[in-house]
Amino acid sequence: MQEINKILDARIIERHKLQKKRDYLGVSSIGDDCLRKVQLQYEGKEAEFSASTLRTFDIGHCLEDLVAEWLKIAGFDLKTKNENGEQFGFSTAEGCIKGHIDGKIVDVSEDLKQFFPRLPLLWECKTLNNKSWQETAKKGLMLTKPIYFAQVQLYMAYLDLEQCLFTALDKDTSELYFELIPFDSEAAQRYSDRAVQIMKASENGEAVPCISTDPSFFKCKMCAFRNECRKGN
């Protein structure tokens, strides 16, 4: 019966390869500490994910929908789709930079208003394993997840929102962590400049630096673009 896993894995990977590749720079990737990885994503290069990783992505999307339902039960007027049934998002730089948010909190029940005097709020949700969740709950998003911090800052900048309610679900314990993140205009500008740097380099046929020139570096070994990256080295 374990042969079923091989068939399933092959189908999941095939489905991923058939999906349309991005032809824009996604806000969710701009804060990555490897500029070259972000550039390869922007250029539509092939990412190589295992079937297990792709299943983890799918599980994360489903769990985020569940968290959204929990918040609605708690008294959050949370909108995750626009009037056309699509994710809220934005496009800038002639479509070269795009972002899609998890949701927008437009109102809260009376017992929650003491925590959220200013509305609306950006809502961003992530699902984490216990070790990662514990670290984030202890130290905060900016110090532990800079790529997510960059993501919410750019979302707030382009959608003209002043605060973000970041929510993290511990996939191992089902605990929830909430953090109210204010808009930081200087940080948003730094990340925006980073995006421009990457786009200009691609326009000029230049490769931006990789986080390491050693392919055995642990982040390089785990990178889904490691083979594409080596082609340029």
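Residues numbered from 1 in each chain as written. Predicted model: local features only at pLDDT ≥ 70, side-chain atom pairs only at ≥ 80, totals over all residues. Heavy atoms only, no water.

(A) Structural context of the packing of helix H2 (residues 35-42) against helix H7 (residues 185-203). It is at 10 Å that the axes of H2 and H7 come closest, and there the two elements cross at 60°. In terms of orientation, H2 and H7 fall into the oblique class. Our pair here, H2 against H7, has a crossing hand that is right-handed. Residue-level inspection shows Leu35, Val38, Gln39 and Tyr42 of H2 in contact with H7, the latter providing Arg194, Gln197, Ile198, Met199, Ala201 and Ser202. For the contact of H2 with H7, a count of residues per class yields six nonpolar, three polar and one charged. (Axes fitted to C-alpha atoms, helices over the stretch in contact; angles between N-to-C directions. Helix = DSSP H or I, 4+ residues; strand = E, 2+ residues; numbered from the N terminus. Parallel < 35°, antiparallel > 145°, perpendicular 65-115°, else oblique. Left-handed = near helix turned anticlockwise from the far one by under 90°. Contact = heavy atoms within 4.5 Å. Nonpolar A, V, L, I, M, F, W, Y, C, P; charged D, E, K, R; others polar.)

(B) Layout of H2. Counting buried positions over the eight residues of H2 gives six, a clear majority of the element. When H2 is considered as a whole, its buried residues turn out to be Leu35, Arg36, Val38, Gln39, Leu40 and Tyr42. The positive-phi residue at the C-terminal boundary of H2 is Gly44, with phi of around 75°. (Buried < 20%, exposed > 50% of the residue type's maximum accessible area, 1.4 Å probe, protein only.)

(C) Spatial organisation of the packing of aromatic side chains. Following the criterion strictly, the structure yields six aromatic pairs and no others. On the numbers, 5.2 Å between centres and 80° between planes, the contact of Phe49 with Phe57 is edge-to-face. Of the residues examined, Phe49 reaches a relative accessible area of 27% and is grouped as partly exposed. The class of Phe57 is partly exposed, set by a relative accessible area of 39%. With a centroid separation of 6.2 Å and an interplanar angle of 80°, the aromatic rings of Phe90 and Tyr155 are classed as edge-to-face. Highlighted residues: Phe90 in strand E3 (residues 89-92) and Tyr155 in helix H6 (residues 146-159), separated in sequence by 65 residues. (Phe/Tyr/Trp six-rings, centres within 6.5 Å; stacked < 30°, edge-to-face > 60°.)

(D) Looking closely at the sheet that holds strand E5 (residues 103-108). Sheet architecture is open: five strands sit in the order E2-E5-E6-E7-E8, paired in mixed fashion. Each of the sheet's edge strands pairs with one partner strand only, and the pair in question is strand E2 (76-79) and strand E8 (176-182). The sheet shows a mean angle of 30° between the axes of neighbouring strands, direction not considered. Here seven bridges tie strand E7 (residues 163-170) to E8, and the two strands are oriented antiparallel to one another. Bridge pairing links Cys164 to Ile181 in E8. Along the sheet, helix H3 (residues 51-74) contacts E2, strand E6 (121-128), E7 and E8; its crossing angle with E6, the most-contacted strand, is approximately 130°. Contacting E6, E7 and E8, H6 crosses the sheet at an angle of about 160° to E6. (Pairing = 2+ DSSP bridges.)

(E) Representation of the packing of H6 against H7 in the model. Across the interface, H6 lies against H7 with an axial gap of 9 Å and an inter-helix angle of 100°. In this view, H6 runs roughly perpendicular relative to H7, as classed from their interaxial angle. Touching Pro146, Phe149, Ala150, Gln153, Leu154, Ala157 and Tyr158 of H6 are Ala187, Ala188, Tyr191 and Ser192, all from H7. Residue composition of the contact of H6 with H7, by class: nine nonpolar, two polar and no charged.

(F) Highlighting the sheet that holds strand E4 (residues 97-100). Read across the open sheet, the three strands follow the order E1-E4-E3; overall the sheet is mixed. Two strands lie at the open edges of the sheet, namely strand E1 (25-26) and E3, each paired on one side alone. Across two bridges, the pairing between E1 and E4 is parallel. Considered in E4, the bridge of Gly26 is made with Lys98. On the sheet, H6 packs against E3 and E4 and is oriented at approximately 80° with respect to E3.

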